[in-house]
Amino acid sequence: MTLVPPFKVDPATPCATVRAGRFKVRIPMGWQVSASKSRLGGWIVFVLEPNYTLHVLAEREGRLWEMANLPQQIIDDFVGKQFQENPR
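Section: the packing of aromatic side chains
Tallied over the entire structure, the rule returns two aromatic pairs. Aromatic pair Phe7 and Trp31: ring centres 5.6 Å apart, planes at 50 degrees, arrangement tilted. With a gap of 24 residues between them, Phe7 in the loop between β1 (2-4) and β2 (15-20) and Trp31 in the loop between β3 (23-28) and β4 (32-37) connect regions that are remote in the sequence. A relative accessible area of 18% places Phe7 in the buried class.

As structure tokens, then:
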């Protein structure tokens, strides 16, 4: 796992803004999001694209970073538990 700058959304894309502490994250419409405070006091934002690409944003050293290169098994387990589809 490595820390990289968070994803950028095209300014023309319709978005909602999610606050995580002092950070504002633009989330394109149709994406799912979950934000929570970590045990260490920082914020973690989980963002799931419609194609099931998971973005994990974490506050470290006063900045918001994206965790890259997470093992696929961890991603699959997390998505299956955290982002369950609502039956209609």
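Notes on the sheet that holds β4
The strand order across the open sheet built from five strands is β1-β7-β6-β5-β4, with neighbouring strands paired in antiparallel fashion. In the strand order of this sheet, the two ends are held by β1 and β4, each with one partner. Each strand of the sheet is rotated relative to its neighbour by a mean of 30 degrees, with strand direction disregarded. Pairing geometry for strand β5 (residues 43-48) and strand β6 (residues 54-60), over five bridges, is antiparallel. Each bridged residue has a counterpart across the sheet, and for Val45 the counterpart in β6 is Leu57. Strand contacts of helix α1 (residues 72-82): β4, β5 and β6, with the helix running at about 95 degrees to β6, the strand carrying the most contacts.

About the cut-offs
Residues numbered from 1 in each chain as written. Predicted model: local features only at pLDDT ≥ 70, side-chain atom pairs only at ≥ 80, totals over all residues. Heavy atoms only, no water. Phe/Tyr/Trp six-rings, centres within 6.5 Å; stacked < 30°, edge-to-face > 60°. Helix = DSSP H or I, 4+ residues; strand = E, 2+ residues; numbered from the N terminus. Buried < 20%, exposed > 50% of the residue type's maximum accessible area, 1.4 Å probe, protein only. Pairing = 2+ DSSP bridges. Axes fitted to C-alpha atoms, helices over the stretch in contact; angles between N-to-C directions. Contact = heavy atoms within 4.5 Å.

That's the geometry; what it means functionally is another story.
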